[in-house]
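Fold and geometry: a report
Okay, here's what each chain looks like letter by letter:
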Amino acid sequence: MTQNFKDHFSNVAKTYASYRPQYPAELYAWLAKISPSTALVWDCACGTGQASLGLAEHFQQVIATDASAQQIAAAEPQPKIEWRVASAETSGLADNSVDLITVAQALHWFDLEKFYAEAQRVLKPNGVLAVWTYGVLKIAEPRIDALAQDFYSNTVGPYWPPERAIVETGYRDLAFPFQELSVPTFSMQLNWSKAQLMGYFRSWSATDRYIQTKGSDPVSDLEQQLADLWDEATSYLTEWPLAFRVGRKNT
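The model shown is predicted, which means the values in this text are computed figures rather than measured ones.

When helices and strands are counted, the protein shows 10 helices and 9 strands. The C-alpha radius of gyration of the protein comes to 18 Å, within 12% of the 18 Å expected for a compact globule of 251 residues. Principal-axis analysis of the C-alpha atoms gives the protein an extent of 55 × 35 × 35 Å. Expressed as a percentage of its 251 residues, the buried residues of the protein come to 53%. Accessible surface, the protein as shown: approximately 11200 Å² in total, 49% of it carbon and sulfur. Of the charged side chains in the protein, 20 are positive and 28 negative; the average position of the first set lies 4 Å away from that of the second.

Looking now at the pattern of salt bridges. According to the stated counting rule, one finds 10 salt bridges in the structure shown. A salt bridge links Arg121 to Glu118; its shortest N-O distance comes to 2.8 Å. Taken together, the residues span about one helical turn, with Arg121 and Glu118 both in helix α5 (residues 112–122) at a distance of 3 residues. Note on Arg121: relative accessible area 29%, which makes it partly exposed.

Counting 52 residues, the largest nonpolar core has Tyr23, Leu31, Leu55, Trp132, Leu197, Tyr200 and Phe201 as the members making the most contacts within it. Top contributing element to this core by residue count: helix α2 (residues 25–34), with 6 residues. Once you skip the residues sitting within four places of it in the chain, Trp132 turns out to touch Tyr23, Leu27, Leu31, Ala51, Thr102, Val103, Ala104, Gln105, Tyr171, Leu242, Ala243 and Phe244. Counting residues in each nonpolar core, the second largest holds 25 residues, with Ile63, Ala106, Phe115 and Leu174 among its members.

To continue, consider the packing of helix α8 (residues 194–202) against helix α10 (residues 218–226). Between α8 and α10, the least distance of the axes is 10 Å, while the angle of their chain directions is 155 degrees. In terms of orientation, α8 and α10 fall into the roughly antiparallel class. α8 and α10 meet at a crossing whose hand is right-handed. Here Lys194, Met198, Phe201 and Arg202 of α8 come into contact with α10, specifically with Val219, Ser220, Leu222, Glu223 and Leu226. Per-class residue counts for the contact of α8 with α10 are 5 nonpolar, 1 polar and 3 charged.

This part is about helix α9 (residues 205–214). Buried within α9 are the following residues: Ser205, Ala206, Thr207, Asp208 and Tyr210. One or two positions beyond α9, positive phi appears at Gly215, with a value near 75 degrees.

For strand β1 (residues 40–44), the tally of buried residues reaches 5 of 5 residues, placing the bulk of the element in the interior. Of the two faces of β1, the one holding Leu40, Trp42 and Cys44 and the one holding Val41 and Asp43 are both buried throughout. Taking the sense of rotation as the criterion, the β-α-β connection linking β1, helix α3 (residues 50–55) and strand β2 (residues 61–66) turns out right-handed. Bridge count for β1 against strand β4 (residues 98–104) is 4 bridges, and the pairing is parallel. Bridging from a neighbouring strand, Asp43 pairs with Thr102 of β4.

The next subject is the packing of aromatic side chains. On inspection of all chains with the given rule, the structure shows 24 aromatic pairs. Consider the rings of Phe151 and Phe201, whose centres lie 4.9 Å apart with planes at 20 degrees: the pair is stacked. In this pair, Phe151 sits in helix α6 (residues 142–155) while Phe201 sits in helix α8, placing the two residues 50 residues apart along the sequence. Neither residue differs from the other here; Phe151 and Phe201 are each classed as buried. A ring pair is formed by Phe176 and Phe178, whose centres lie 5.3 Å apart and whose planes are at 50 degrees; its orientation type is tilted. Just as Phe176 is buried, Phe178 falls in that class too. Ring pairs connect the aromatic residues Phe151, Tyr152, Trp160, Trp192, Tyr200, Phe201, Trp204 and Trp240, which therefore count as one cluster.

Quick notes on the rules
Residues numbered from 1 in each chain as written. Predicted model: local features only at pLDDT ≥ 70, side-chain atom pairs only at ≥ 80, totals over all residues. Heavy atoms only, no water. Helix = DSSP H or I, 4+ residues; strand = E, 2+ residues; numbered from the N terminus. Rg over C-alpha atoms; globule rule 2.2 N^0.38 Å. Buried < 20%, exposed > 50% of the residue type's maximum accessible area, 1.4 Å probe, protein only. Areas by Shrake-Rupley, 256 points an atom, 1.4 Å probe, with all protein chains shown as cover. Lys, Arg positive; Asp, Glu negative; His and termini not counted. Charge placed at Lys NZ, Arg CZ, Asp CG, Glu CD. Salt bridge = Lys/Arg side-chain N within 4 Å of Asp/Glu carboxyl O. Core = buried A, V, L, I, M, F, W, Y, C linked by side-chain atoms within 4.5 Å. Contact = heavy atoms within 4.5 Å. Axes fitted to C-alpha atoms, helices over the stretch in contact; angles between N-to-C directions. Parallel < 35°, antiparallel > 145°, perpendicular 65-115°, else oblique. Left-handed = near helix turned anticlockwise from the far one by under 90°. Nonpolar A, V, L, I, M, F, W, Y, C, P; charged D, E, K, R; others polar. Right-handed = clockwise from strand over helix to strand, strands pointing away. Pairing = 2+ DSSP bridges. Phe/Tyr/Trp six-rings, centres within 6.5 Å; stacked < 30°, edge-to-face > 60°.

In structure tokens form, the structure reads like this:
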């Protein structure tokens, strides 16, 4: 683990595992198609395994690493996945051993120069690095969406770490020293209840930081605001567009 590892999620690891949205199955099928083979994928900064489990449907072996031992401990056991505590910059993987590296919603935490060097080292010839991120969600009911946007930007907005700005640009401004590929359009779309949305908001690092600073739960206040707009039995379409950078190893 690197000394500069910024641990924003250990306090919410169990909530993270329960409420983070799942990426579309079509994404994993596409990644398997563009990889030189489906022998081994490294899911870097895997968290509690949102992407790792989907990758295991298409690859023979998944090595899933995270610098947070708490996140790894909260991951779901799966025979094809080997869970490891390791940093993005020092994976412990062998040279030229990996077909695909995935980084889901985490590249903005890395020392990019060191991580890219590690990726070049462990990828096979023609191996692929795929990184993606998503910003604030969109809820189909306008009044509820307005409250969600206000919660994101204003209530917990001051408590987001500076790296959040990189997410909001969809990684477009980051260096990416790989042979870049075009990517189909993917998004996460789920019908979510109020309880699911509140759990998701409680998994945010900004919400945790708000609670640690102020000693109160801002999600409880939001629940009160939503009481007359959203009953417990109703679900609404909730969408997160995904932004990608995908490229092949420079040989």
